[in-house]
Amino acid sequence: MNKCEENSVVEEELDAEPRNIILSMISQIGKDMDLSRITFPTFVLEPRSFTERVTDFMSHPDFLINANKNEDPIERFIGVVKYYMSGWHIHPKGVKKPYNPVLGEFFRSRCTFDDGSSAFFVAEQVSHHPPITAMFYHCPDHHIAIEGDLRPKSRFFGNSVGMILEGYAKIHFDRWDDEEYLVTYPNMYARGILFGKMVLELGETSTVTCAKSDLMFEVEFKTKGLIWGTYNQIIGKIKRISTKEVLYDITGNWQTTIYIADHKKKTEPAVLFDSSKEHVVPQTVACAAEQESNESRNMWKHVTKAIYENDLDAATKHKSAIEEEQREDVRRREAEKTPFVPRFFQLETDGLYHPNLMLKDIPEDPEQAKQAISKWIFTKSGSDEMQDFAKPEEDPVVLAANKPRRH
């Protein structure tokens, strides 16, 4: 393993006390058991909700924008593959899992690109058992939309915990007569939870498919063997769906550098993506005073502050309060026989969640589209008032969580 590969491994060494807590928790469950109903201790938590973590897939939207401009369908497809592979290198320090969102929790944001264009995002927890997070992203200036839902299932496999990422994402290029790219996900594994160093790995096979262009990208995220192999390696192929003809080979390390080579011409691999040289586009979120009570950052702000301050007792206290409030909401709805209705999404006949602002109802004119999408996402519940993004952050809890710290 070279130095670059060593630096790309996501690992963490647990002290005796937290490892004993995990051992005690795992002793009460069985191998291959679904962990979605298990409450994890706060020291394994990443200080943000899964509804926000979904935005990692939107870290490099310029790849999609550039792909959408290309006249050649194969080059467009390669651009989408580049975008898809660019989202995996974002991760917290150590082996952590995000907060489990509560039912009805949502995260919303916007971002602005170097060319002056903008994009809008919303994710909502539309089901708690089983957990389902629906999401929608739209860039009106470039006529690009992404919709999907993620259905993570956690499993215990002895010395590792796996997150099986079921669900879908669909990328729409309206400029090309609603050209669609259907995306599936690899699985995530936290290795070494009982002994050894904890290591985060991606595993199994995922795909990007464009039926209109007759193209498919199939990639295997390879896990390291007990003796042989290296971490974070991928092997993939871009091929024709109809004939299985291989056009390009994709190889490399999903944490650092990914390469592409022309399969027919047997060319030398060229860099497709280098995480050290690319800029992550930040998400802009309204201040806490402009957020609703079930908006992710506002809901979890006390837990986040406690984790940053390494006060695990306080983090556990605030996390338990959120979880108990969710259980009380479930009991109330059951007593009143009132089913939960998502705010931004609806379950369609295909069994998947889609935005209740239908793509066909979004105006073609970019400015009109921005107004329609902004009104839908950022209007406050029960009023016609929209979030004010210009208002500065003044919440002392949020400011305390965000203050610089020595490492």
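Residues numbered from 1 in each chain as written. Predicted model: local features only at pLDDT ≥ 70, side-chain atom pairs only at ≥ 80, totals over all residues. Heavy atoms only, no water.

**Some details on the overall build of the protein chain**
Scanning the protein chain from N- to C-terminus turns up ten helices and 18 strands. Across the 407 residues that make up the protein chain, the buried fraction comes to 53%. Long-range pairs, those at least 24 residues apart, make up 57% of the contacts in the protein chain with a sequence separation of at least 6. Surface exposure of the protein chain reaches about 19,800 Å², of which carbon and sulfur atoms provide 52%. (Helix = DSSP H or I, 4+ residues; strand = E, 2+ residues; numbered from the N terminus. Buried < 20%, exposed > 50% of the residue type's maximum accessible area, 1.4 Å probe, protein only. Contact = heavy atoms within 4.5 Å. Areas by Shrake-Rupley, 256 points an atom, 1.4 Å probe, with all protein chains shown as cover.)

**Re helix α8 (residues 312–336)**
Taking 1.5 Å per residue as the helical rise, α8 with its 25 residues ought to reach 36 Å, and the 36 Å between its terminal C-alpha atoms agrees with that figure. The complete set of buried residues in α8 reads Ala314, Ala315, Lys319, Ile322, Glu323, Gln326 and Arg333. Buried residues belonging to α8 abut β2 (45–49), α6 (296–299) and α7 (301–308). Positive backbone phi, approximately 55 degrees, marks Lys337, located one or two places after α8. (Expected span 1.5 Å × (residues − 1).)

**Focus on the confidence of the model for the protein chain**
Atom-level detail of predicted coordinates should not be read off regions where pLDDT is low. On average, residues of the protein chain score 88 in pLDDT, and 85% of them reach the 70 mark or higher. For the stretch residues 1–7, pLDDT sits under 50, and the model shows eight contacts to residues farther than four places along the chain or on other chains. (pLDDT = per-residue confidence, 0-100.)

**Overview of helix α5 (residues 73–85)**
Counted at 1.5 Å a residue, the expected span for α5 with its 13 residues is 18 Å, and the 18 Å between its end C-alpha atoms agrees. Every buried residue of α5 is accounted for by Arg76, Phe77, Ile78, Gly79, Val80, Val81, Tyr83, Tyr84 and Met85. At the N-terminal boundary of α5, the capping side chain belongs to Asp72, with an oxygen 2.9 Å from the backbone nitrogen of Ile74. (Polar contact = N/O pair within 3.5 Å; in protein donor to acceptor, adjacent residues only side chain to side chain.)

**Here we look at the pattern of salt bridges**
On inspection of all chains with the given rule, the structure shows 30 salt bridges. A salt bridge links Arg108 to Glu295; the nearest nitrogen and oxygen atoms lie 2.9 Å apart. Note that Arg108 is positioned in strand β4 (residues 106–112) and Glu295 in the loop between β16 (270–274) and α6, a separation of 187 residues in sequence. Here Glu367 ties to Lys370 by a salt bridge, and the two come within 3.3 Å at their closest N and O atoms. Pair noted here: Glu367 and Lys370 are both in helix α9 (residues 366–378), with a separation of three residues, about one helical turn. The exposure class assigned to Glu367 is partly exposed, which follows from its relative accessible area of 45%. (Salt bridge = Lys/Arg side-chain N within 4 Å of Asp/Glu carboxyl O.)

**Examining unusual backbone geometry**
A cis geometry characterises the amide bond from His129 onward to Pro130, with omega recorded as 5 degrees. Here Pro130 is to be found in the loop between β5 (118–127) and β6 (132–139). With phi around 55 degrees, Lys337 is a residue other than glycine that occupies positive phi space. Assignment of secondary structure puts Lys337 in the loop between α8 and β17 (345–347).

**Notes on the pairing of β6**
The buried fraction of β6 is high, at eight of eight residues. What you see with β6 is no split at all: Ile132, Ala134, Phe136 and His138 on one side and Thr133, Met135, Tyr137 and Cys139 on the other are buried throughout. Bridging between β5 and β6 involves seven bridges; their strand directions are antiparallel. Note on β6: the bridge partner recorded for Phe121 is Tyr137. Hairpin connection between β5 and β6: a loop of four residues separates the two successive antiparallel strands. Here β6 folds back onto strand β7 (residues 144–156) in antiparallel fashion, the turn holding four residues, of which His143 has a positive phi close to 55 degrees. (Pairing = 2+ DSSP bridges.)

**Points about the nonpolar core**
Ranked by size, the top nonpolar core spans 57 residues in total, and within it Met85, Met135 and Phe217 carry the most contacts. When residues in this core are grouped by element, the largest group, seven residues, is from α5. Once you skip the residues sitting within four places of it in the chain, Met85 turns out to touch Phe217, Val219, Phe221, Ile234, Trp254 and Ile258. Ranked by size, the runner-up nonpolar core spans 20 residues in total, among them Phe106, Phe120, Ala145 and Phe345. (Core = buried A, V, L, I, M, F, W, Y, C linked by side-chain atoms within 4.5 Å.)

**With respect to the pairing of strand β11 (residues 198–210)**
In terms of burial, β11 is a largely internal element, eleven of the 13 residues being buried. Here strand β10 (residues 187–191) pairs with β11 via five bridges, running antiparallel. Note that in β11 the partner of Tyr189 across the bridge is Glu201. Examined bridge by bridge, β11 and strand β12 (residues 215–222) share seven bridges and lie antiparallel to one another. In the sheet register, Glu204 faces β12, and the bridge partner there is Phe221. Hairpin remark: β11 followed by β12, antiparallel, with four residues in the connecting loop; positive phi at Asp214, about 60 degrees.

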